[in-house]
Amino acid sequence: MSTGMKAGTFTWICAATISIGALAFSRSAQAMQSGSWPPPKPCAQWLRNDPANQADVRAFVASYWPAFWCDECPERESLELSGAGVHFRNPLPGDITLIFDPWVRVFERLYANRLVLNPGGTGSTYDLWDLMKDDLAVRESFRVYVLTDQISTSSTTGTDVFVAHYLLSYDAVTISSVATVASVVVLDDAIQSNALRMAGPATGVPSGGDPSDAGLPVTDGGGPAAEPGTPTQTEQELMCKLRYLARSSQLACMKANGLWTADVPNCSGASFDCDDFSDAMIRWILAHQGQGGMANERMLFRWRCPGQPAFEGHWMPVMVIGGKCYLIDPYTGEVVGPFPKTPSGRLAMAKWWLQKMGHWCEGIEWDRGTPKFSNPGSEDFHGREPTPLWYLCAESIAHFCRKLRACCGSTAIPQPNCSPAPPWASDPELRQLGCDPGQYVRDRDKHRVRNTAACQDIPPITAGAGLGS
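This one's a predicted model, so the numbers in the text were calculated from it and none came from an experiment.

**Q** I tried to follow the nonpolar core on my own but got confused; where do I start?
**A** Looking at soluble globular proteins, one finds that nonpolar side chains tend to be buried together. The biggest cluster of nonpolar side chains holds 44 residues, and the ones touching the most others in it are Leu242, Leu251, Ile285, Trp390 and Phe400. Secondary-structure elements contributing two or more residues to this core are helix 7 (233–248), helix 8 (251–256), helix 9 (274–289), strand 9 (294–304), strand 10 (312–321), strand 11 (324–329) and helix 12 (394–407). Ranked by residues supplied to this core, first place goes to helix 9 with eight residues. By size, the runner-up hydrophobic cluster in this structure holds 40 residues, among which are Ala67, Phe100, Leu110 and Tyr145.

What follows is the structure, given as structure tokens:
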């Protein structure tokens, strides 16, 4: 996945940390561990106290703050096409939230009574970004704080925040054990501080470089394997249909054929990582299933095991039907479920995948309220993903279509051993159907993909080949 997504903590995943193996399907349809998975490359080292970095953050907020909160606006459109990295002199960290940490850590203390940062996997996380989404006044105060370093609170507008501000400021001007400050003005019912900061290193180092707040990681003690619930007959039929749909997408064949490519800055080359796989799988299913009675989510989870210096992260598609979640692995075509649409259900889905891949460990930590859902139609998707999705980059579109052409009509993945099979999804039908790359993207971008030369007139390959050049 990329250093690259919207309501919640804006966690952008470093492409380096997603090098976590993949299953490839051989010509004989035998699943095996791929030996060509790209080796990890180090995450960017972001020094949060670097004056140049702080100046770039302020300039970025001054110009693009609306993009974090709007559904459609010029600022969002600009970031979708360019990515955020072009607006910074130094490489962004794997988690974009780290660029805001000097300010976030202070606001987390001021608004602690309104946040839930460590639910322990059983409750819902409600972090500062959630609060800013819901409370325009807090959002504006944070924007002003980033731009000017000024915080102004009053006892008449919020006692809890005023008291927290007073206590931090008092510590900063006396012993500086908790906070530091450049200056403070205390009036009868108001406090104004300049450059208030939390003192000392924060817990955890999510990526290399300057120690920074890991967002109060949640520790899980391991325990037995996470299992989905027992499906009813109706749910079994739903999963069967999803398995046929996932298989017919050809994404697993394309992954084995080299589709996965780490994100590159500013659309300067072909890229297609796990957030792209998740979005493409969901678009494919919706193109063939329709929206009726089905919702879709992109699930993000970031974890690290004891002794690991950095968090790893992954995106996976989830279909929500009848209030239950069905997890799809686009790398392999596997579908598991049903899981409840709850924090514990998200935890179980993430745990299932980590155990399957051999990444589960005792004492695992979950970063910044993950596992969580983040849909491209919500406010935090593009905030998490500074590199645009694949269909906004010309080279990535061509790269995708070359792999689709190599796999179109493949039946290398065995037909699911369940019924009923959807029309057109059986082996004979797959071997005859051409492939439309427009079925892997949102409606408004279909023309962008279909008009690319490499994407036109993609016929099915010889039956069963699937993994050709």
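Okay, back to it.
**Q** Is there a simple way to think about the confidence of the model for the protein chain in this case?
**A** Scored by pLDDT, the protein chain has a mean of 77; 76% of the residues are at 70 or more. The secondary-structure element of the protein chain with the lowest mean pLDDT is strand 1 (residues 23–25), recorded at 27, while helix 5 (residues 136–148) shows the highest, at 96. Here residues 202–225 is modelled with pLDDT under 50, and outside its nearest four sequence neighbours on either side it reaches 86 contacts, counting other chains as well. Overall, residues 463–469 carries pLDDT values under 50, and its contacts beyond four positions in sequence, including any with other chains, amount to 22 contacts.

**Q** Would you explain the pattern of salt bridges in this entry?
**A** Two side chains that carry opposite charge are able to pair once their charged atoms sit near each other. Considering all chains together, one arrives at 18 salt bridges under this definition. Here Arg89 makes a salt bridge to Asp56, at a shortest N to O gap of 2.9 Å. Taken as a pair, Arg89 in the loop between helix 2 (74–82) and helix 3 (101–110) and Asp56 in helix 1 (residues 51–64) lie far apart in primary sequence, 33 residues in all. Using a relative accessible area of 8% as the deciding quantity, one classes Asp56 as buried. Asp427 is the partner of Arg247 in a salt bridge, and the nearest nitrogen-oxygen pair spans 2.3 Å. Of this pair, Arg247 sits in helix 7 while Asp427 sits in helix 13 (residues 427–430), placing them 180 residues apart in sequence. Grouping residues by exposure puts Arg247 and Asp427 together as buried. Here the salt bridges do not stand alone but share partners, grouping Arg58, Asp149 and Arg197 into one network.

Rules of the game
The residue count restarts for each chain, going from 1 along the sequence in the order it is written. Under the rules for a predicted model, residues below a pLDDT of 70 receive no local features and side-chain atom pairs below 80 are neither given nor counted, while totals for whole chains, interfaces and linings still include all residues. Derived side-chain values reflect all non-hydrogen atoms in the structure, with water molecules and hydrogen atoms excluded from consideration. Buried Ala, Val, Leu, Ile, Met, Phe, Trp, Tyr and Cys residues form a nonpolar core when they are joined through side-chain atoms within 4.5 Å. Buried residues are those whose accessible area, probed at 1.4 Å on protein chains only, stays under 20% of the maximum for their type, while exposed residues exceed 50% and partly exposed ones sit between those limits. Note on conventions: DSSP H or I runs of at least 4 residues are helices, E runs of at least 2 residues are strands, and numbering of each starts at the N terminus. Looking at any residue, its pLDDT shows the predictor's confidence there, from 0 to 100. We call two residues in contact whenever any of their non-hydrogen atoms come within 4.5 Å of each other. Salt-bridge detection follows one rule: a side-chain nitrogen of Lys or Arg within 4 Å of a carboxyl oxygen of Asp or Glu.

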